[in-house]
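# A closer look at the structure
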Amino acid sequence: MPYFLGRIVPGFMAYTPDVERLAALSDRLVLAGGADSHGELPHRCAAFLAERLGAEFVRFPGGHTGLSTHPAEFGELLRKLLGG
């Protein structure tokens, strides 16, 4: 935990996305979060960005680790979103 809080967290907490650049690519982005992660910082940031860009916000099954906890449902939704 000390490594995570001391080295990893500060890097992503200080990051500011280039919203103009993302807006230009918004038709190629899938902004999403885990349905069980509502209210958590990464989920809130992705939802805010989707709203700011006027893009759909997709809720994947589960929480932060939905791929592990709901692999079939997660995979099915991901395939659908990526056109497969």
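Residues numbered from 1 in each chain as written. Predicted model: local features only at pLDDT ≥ 70, side-chain atom pairs only at ≥ 80, totals over all residues. Heavy atoms only, no water.

### A short note on the overall build of the protein chain
Inclusion rule: Helix numbering and strand numbering both begin at the N terminus, where a helix is a DSSP run of H or I of at least 4 residues and a strand a DSSP run of E of at least 2. Only protein chains enter the accessibility calculation, which uses a 1.4 Å probe. A residue is then buried if its area is under 20% of the maximum for its type, exposed if over 50%, and partly exposed in between. Contacts between residues were defined by any pair of non-hydrogen atoms, one from each residue, lying within 4.5 Å. Values of accessible area rely on a 1.4 Å probe in the Shrake-Rupley scheme; residue burial ignores everything except the protein chains shown. Charged-residue counts in this description rest on Lys and Arg as positive and Asp and Glu as negative, His and the chain ends being excluded. Note that the charge is assigned to NZ on lysines, CZ on arginines, CG on aspartates and CD on glutamates.
Counting its secondary structure elements, the protein chain contains five helices and two strands. Listing each helix as α and each strand as β along the protein chain from the N terminus yields α-α-β-α-β-α-α. Buried residues in the protein chain amount to 23% of all 84 residues. Taking all contacts inside the protein chain whose residues are at least 6 apart in sequence as the whole, residues at least 24 apart take part in 52%. Element-wise, carbon and sulfur atoms account for 57% of the exposed surface of the protein chain, whose accessible area totals about 6,400 Å². Positive and negative charge centroids in the protein chain, built from 8 and 9 side chains respectively, lie 5 Å apart.

### Focus on the nonpolar core
Test applied: Among buried residues, those of type Ala, Val, Leu, Ile, Met, Phe, Trp, Tyr and Cys that are joined through side-chain atoms within 4.5 Å constitute a nonpolar core.
Ranked by size, the top nonpolar core spans seven residues in total: L22, L31, A46, L49, A50, L53 and F57. Looking at this core, the element that brings in the most residues is helix 3 (residues 41-53), giving four residues. Contacts of L31, omitting those with residues within four sequence positions, involve A46, L49, A50, L53, A55, E56, F57 and V58.

### Description of a nonpolar patch on the surface
What counts is decided by this rule: Patches draw on residues past 30% relative accessible area with no salt bridge. Two like charges within 9 Å are joined, as are two nonpolar side chains (Val, Leu, Ile, Met, Phe, Trp, Tyr) within 5 Å. What makes a salt bridge here is a side-chain nitrogen of Lys or Arg within 4 Å of a carboxyl oxygen of Asp or Glu, nothing more.
A cluster of nonpolar side chains, namely M1, Y3, F4, L5, I8, F12, M13 and L41, defines an oily patch on the protein surface of about 840 Å² accessible area. Positionally, L5 belongs in helix 1 (residues 2-13).

### What to know about the layout of surface pockets
Keep this limit in mind: Any residue with an atom within 4 Å of a point lines the site, the site being either a cavity, points on a 1 Å grid over the protein atoms alone where a 1.4 Å probe fits but cannot get out, or a pocket, an open set with protein on both sides within 12 Å along at least 5 of 7 lines. Grid points are joined across faces, edges and corners, and a volume is the space filled by probe spheres set on the points.
By volume, the largest pocket amounts to about 590 Å³. For the largest pocket, the lining is made up of 27 residues, of which L41, P42, H43, C45 and A46 are closest to its centre. Residue assignment for the lining of the largest pocket shows that the elements contributing at least two residues are helix 1, helix 2 (19-24), strand 1 (31-34), helix 3 and helix 4 (66-69). At eight residues, the largest contribution of residues to the lining of the largest pocket is made by helix 3.

### Some details on the pairing of strand 2 (residues 57-60)
The criterion, for reference: A pair of strands is considered paired only if DSSP assigns at least 2 bridges between the two. Seen with its strands pointing away from the viewer, a crossover is right-handed when the path leading from the first strand over the helix to the second is clockwise.
Relative to strand 2, strand 1 runs parallel, the two sharing four bridges. Paired with A32 across the two strands is V58, which belongs to strand 2. Running through helix 3, the crossover from strand 1 to the neighbouring parallel element strand 2 is right-handed.

### Some points on helix 3
Our working definition: Every helix has an expected span of 1.5 Å times one less than the residues it contains. It is the directions from the helix axis to the C-beta atoms whose arc is reported.
Taking 1.5 Å as the rise per residue, helix 3 with 13 residues should run 18 Å; its terminal C-alpha atoms sit 18 Å apart, in good agreement. Regarding helix 3, the residues found buried are H43, A46, L49, A50 and L53. Each buried residue of helix 3 lies within a common arc of 135° when the element is viewed along its axis, so the set occupies one face. Seen from the buried face of helix 3, the exposed residues on the opposite side, beyond 90 degrees, are F48, E51 and R52. Each element contacted by the buried residues of helix 3 is listed here: helix 2, strand 1 and strand 2. G54 lies just past helix 3 and shows a positive phi near 70°.

No statement about biological role is implied by the geometric values presented.
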